[in-house]
Amino acid sequence: MIPTEAHGTIALQPSACTSCMICVRECPTWCIELESHTEQVSEPDARRPKTVNILDAFRIDFGLCMYCGICVDLCPFDALAWSPEHDLAATTAGGLVLGIDELSRAWPNRNPTSGS
Amino acid sequence: MTPPLDLAVEPGDWLRSVVALRDEGCEVFDFLTAVDRGQVIEVVVRVMNPATKAATMVWTTVPADAAELASLSEHYLGATWCERETAEMFGVRFMGLADQRPLLLRATLGRPPMLKESALVARAVREWPGAAQATDDGRQGGNPSRRRQLPPGVPDDFLRPDRSSLDQSAGTT
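Residues numbered from 1 in each chain as written. Chains lettered and ligands numbered in written order. Predicted model: local features only at pLDDT ≥ 70, side-chain atom pairs only at ≥ 80, totals over all residues. Heavy atoms only, no water.

Asker: Can you explain the interface of chain B and chain A? Please cite residues and give values.
Answerer: Between chain B and chain A, the contact holds 17 residues from the first and 18 residues from the second. For the chain B and chain A pair, buried surface summed over both sides reaches about 1,500 Å², with 51% attributable to carbon and sulfur atoms. For the pair chain B and chain A, the number of links is one salt bridge. A salt bridge links Glu33(A) to Arg126(B); its shortest N-O distance comes to 3.1 Å. Its residues placed into classes, the side of chain B that touches chain A shows seven nonpolar, four polar and six charged. (Contact = heavy atoms within 4.5 Å. Buried area = accessible area lost by both parts, 1.4 Å probe. Salt bridge = Lys/Arg side-chain N within 4 Å of Asp/Glu carboxyl O. Nonpolar A, V, L, I, M, F, W, Y, C, P; charged D, E, K, R; others polar.)

Listed below in structure tokens is the structure:
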């Protein structure tokens, strides 16, 4: 039985990510890559349009990751969390690079203590 | 008598201090390694008394540009391996160490890899992912200039084209 708070893999909640790049810059092994662009968003009662970051790509290379959890600890928006998903294996080194889809699929829904 | 937990000595007193501890009963050699503090390199050895389980860490500092220290290998059998490792990883020369062969690295590798000024090839050949910025979507004038970012824990001149440590890595031993 694997506990729900187990450090099996790192998961991403893309809707919470603001593309602030803190995880990418603090990662000691340089295993996170993030691509984003800015968009102007007009709101009816605002004088000027707001500039927001739109997340285009987010990749973690688990062939480089050492599971230190610094990215999870530092994310100001709780967009990264530990997940008990653990069956990470691949037949090529590139197969260990997971994108937004795979990372968000691992998001620990059953774990009430993370994410929020 | 209980030996101190930590003992800082001058490099000239290194051999005498550690041998004195051995004579007091600290006969087990645990490990010897070094820490790069920039201008100086700290060398530390941990020895233990097997009867009382009391252990002492002996520290000394040697200048980084002339890192020389007396070898403990004649007094502790296990010291040779650690001194060979510290020699090739931190560039500390152990005077009187009979076996000066490189332990793990090729002799032609260049700068000792554990010195902080030695750039990892894996870092130099790849662009830092943290340098990326959000691209603008239909705005005039491009990105506003932001302060230059550096990866955490690297020297200030990291990744500048005139870095000398990379050029030197092909030459000296």
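Asker: Talk me through the side chain of Thr9(A); I want residue IDs and the actual numbers.
Answerer: Residue and element names in this part refer to chain A. Its place among the elements puts threonine 9 in strand β1 (residues 9–12). Residue class for threonine 9 comes out buried when judged on its relative accessible area of 6%. Residues in contact with threonine 9, not counting those within four places in the same chain, are Phe62, Tyr67, Ala81, Trp82, Ser83, Glu85 and Ala106. (Helix = DSSP H or I, 4+ residues; strand = E, 2+ residues; numbered from the N terminus. Buried < 20%, exposed > 50% of the residue type's maximum accessible area, 1.4 Å probe, protein only.)

Asker: Give a detailed account of the packing of aromatic side chains, specifying residues and quantitative values.
Answerer: Counted under the stated rule, the structure contains three aromatic pairs over all chains. Between the aromatic rings of Tyr67(A) and Trp82(A), the centroid separation amounts to 6.4 Å while the plane-to-plane angle is 15°, which identifies the pairing as stacked. In this pair, Tyr67(A) sits in the loop between β3 (50–61) and α2 (70–74) while Trp82(A) sits in strand β4 (residues 80–83), placing the two residues 15 residues apart along the sequence. A residue is classified by how much of its surface remains accessible, and Tyr67(A), at 32% relative accessible area, is partly exposed. Accessibility expressed as a relative area gives 12% for Trp82(A), which makes it buried. Here the aromatic rings of Phe29(B) and Tyr76(B) are separated by 5.8 Å at their centres, their planes lie at 45°, and the arrangement is tilted. Remark: Tyr76(B) occurs in the loop between β5 (68–70) and α2 (79–90) and Phe29(B) occurs in strand β2 (residues 28–36); sequence separation between them is 47 residues. What makes Phe29(B) buried here is its relative accessible area of 14%. An aromatic cluster is built from Phe62(A), Tyr67(A) and Trp82(A), whose rings are joined through pairwise contacts. (Phe/Tyr/Trp six-rings, centres within 6.5 Å; stacked < 30°, edge-to-face > 60°.)

Asker: A description of the confidence of the model for chain A should follow, citing residues and the corresponding values.
Answerer: Confidence along chain A averages 89 in pLDDT terms, with 94% of residues attaining 70 or more. The secondary structure element of chain A with the lowest average pLDDT is strand β2 (residues 32–41) of chain A, at 92, and the one with the highest is α2(A), at 97. (pLDDT = per-residue confidence, 0-100.)

Asker: Residues and numbers for the pattern of salt bridges, please.
Answerer: On inspection of all chains with the given rule, the structure shows twelve salt bridges over all chains. Taking the shortest distance from any N to any O, the salt bridge between Glu33(A) and Arg59(A) comes out at 3.0 Å. Here Arg59(A) lies in strand β3 and Glu33(A) lies in strand β2, a separation of 26 residues in the sequence. In this structure Glu33(A) comes out as partly exposed when scored by relative accessible area, which is 30%. The residue Arg22(B) makes a salt bridge to Asp23(B) at a minimum N-O spacing of 3.0 Å. Take Arg22(B): its relative accessible area is 24%, and that puts it in the partly exposed class. Residues joined in a network through salt bridges with shared partners are Glu33(A), Glu35(A), Arg59(A) and Arg126(B).

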